[in-house]
Amino acid sequence: MNAMNAKRLLIIALVTLFLFGLAGGAFILWYRGGGLSQSNDPINRWFTDPASRPGLTTVMNRVGCPEAPFILPSDGLIGLLWNDPAAPYTLMNTHTGIDVFGDGEPGTVPVYAAYPGWLSRLPDWRSSVIIRHDDPLQPGRTIWTYYTHMASQDGSQSYIDEAFPPGTVEQPVEQGVLLGYQGEFAGTGRPPIGLHLHFSIVLSDDEGSFRNEAVIGNTVDPSPYFGMRLNITDAPRRPITCVIGE
Ligand SMILES: [Zn+2]
């Protein structure tokens, strides 16, 4: 082999390695996004065939899973999961929490505090509250639980309990306290969504306030807090149940 051929071989080897690297990176991205998420299938069934609802519903009635610190904040179909790329989300912009689709009219499906803490509601929040907690799984760390869509379609009627008016700051709440009811409001200027609760666990910023919960990196996997498979990577079947006792 002369020097010219050796050089050509080396270049071919490097290009091949590079292409394998690209393919591997794309696969990891796809895998971490849960592969092809199936979450829209049960959600579509939920809305097109109400008879399917009992068979899709997780009912916890404010009782937590064994050895789990949090209780499920609302009963229903746990449709979109954490890090879920299912529409309207994408692989590059995955879902940051869980969506629990309740069976009932707007303003009737209760939403409860998942864990004791200190509740705040910003002055312009029509459908959302957030609770600060000492992280039960990482003592010393502060986390927040965020609850939203608790208002009528156009946002004119809030379904948040009157104990928590706009401007509420750091009001102590017990686990299981009624926060409000599921609604269909998705924010001013946005089309209404199917009745559900969006719930996420949010990290603190350096000043001790909550980070932007719409960014996946600012949230944490809720699975260990609930003792349920709520990460899309686990591809759980619906209805989702407690890991212990599965
Ligand atoms: Zn959501």
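Since the structure is predicted, the reported quantities are computational estimates derived from the model, not experimental observations.

1. Structural notes on the nonpolar core
Ranked by internal contacts, the top residues of the largest apolar core, which has 36 residues, are Phe-70, Ile-78, Tyr-147, Leu-179, Phe-199, Phe-226 and Met-228. Contributing elements (two or more residues each) for this core: β2 (98–101), β5 (129–134), β6 (142–148), β9 (197–203) and α3 (223–226). Grouped together as the second largest cluster of nonpolar side chains are seven residues, Ile-43, Leu-56, Leu-80 and Ala-86 included.

2. Structural notes on the packing of aromatic side chains
Two aromatic rings, taken as a pair, are described by how far apart their centres are and by the angle between their planes. All told, the structure shown has nine aromatic pairs when counted by the stated rule. Measuring from ring centre to ring centre gives 5.9 Å for Trp-125 and Phe-210, while their planes differ by 45°; the resulting arrangement is tilted. Taken together, the positions of Trp-125 in the loop between β4 (117–120) and β5 and Phe-210 in the loop between β9 and α3 put the pair 85 residues apart, joining distant regions of the chain. Judged by its relative accessible area of 23%, Phe-210 is partly exposed. When the ring centre of Phe-47 is taken as reference, the NZ or CZ atom of Arg-53 above it lies at 5.8 Å.

3. What about the coordination of the zinc ion?
Coordination of the zinc ion by the protein comes from His-95 (NE2), Asp-99 (OD) and His-198 (ND1), over a distance range of 2.0 to 2.1 Å. Sequence spacing of the donors to the zinc ion: H-x3-D-x98-H. Residues His-95 and Asp-99 agree in their burial class; the two are buried.

4. Regarding the environment of Leu-81
Structurally, Leu-81 can be placed in the loop between β1 (77–78) and β2. In this structure Leu-81 comes out as buried when scored by relative accessible area, which is 0%. Along the chain, Leu-81 and Glu-213 lie 132 residues apart, while their C-alpha atoms are 14 Å from each other.

5. Focus on the pattern of salt bridges
In the structure shown here, the tally under the stated rule is four salt bridges. A salt bridge links Asp-103 to Arg-53, with the nearest nitrogen and oxygen atoms 3.0 Å apart. Of this pair, Asp-103 sits in the loop between β2 and β3 (110–112) while Arg-53 sits in the loop between α2 (40–48) and β1; the two residues are 50 residues apart in sequence, bridging distant segments of the chain.

Rules and cut-offs
- Residues numbered from 1 in each chain as written.
- Predicted model: local features only at pLDDT ≥ 70, side-chain atom pairs only at ≥ 80, totals over all residues.
- Heavy atoms only, no water.
- Core = buried A, V, L, I, M, F, W, Y, C linked by side-chain atoms within 4.5 Å.
- Buried < 20%, exposed > 50% of the residue type's maximum accessible area, 1.4 Å probe, protein only.
- Helix = DSSP H or I, 4+ residues; strand = E, 2+ residues; numbered from the N terminus.
- Phe/Tyr/Trp six-rings, centres within 6.5 Å; stacked < 30°, edge-to-face > 60°.
- Lys NZ or Arg CZ within 6 Å of the ring centre and 35° of its normal.
- Donors = N, O, S within 2.8 Å, 3.2 Å for Na, K, Ca; no water.
- Salt bridge = Lys/Arg side-chain N within 4 Å of Asp/Glu carboxyl O.

Functional significance is not addressed by these values, which are geometric in nature.
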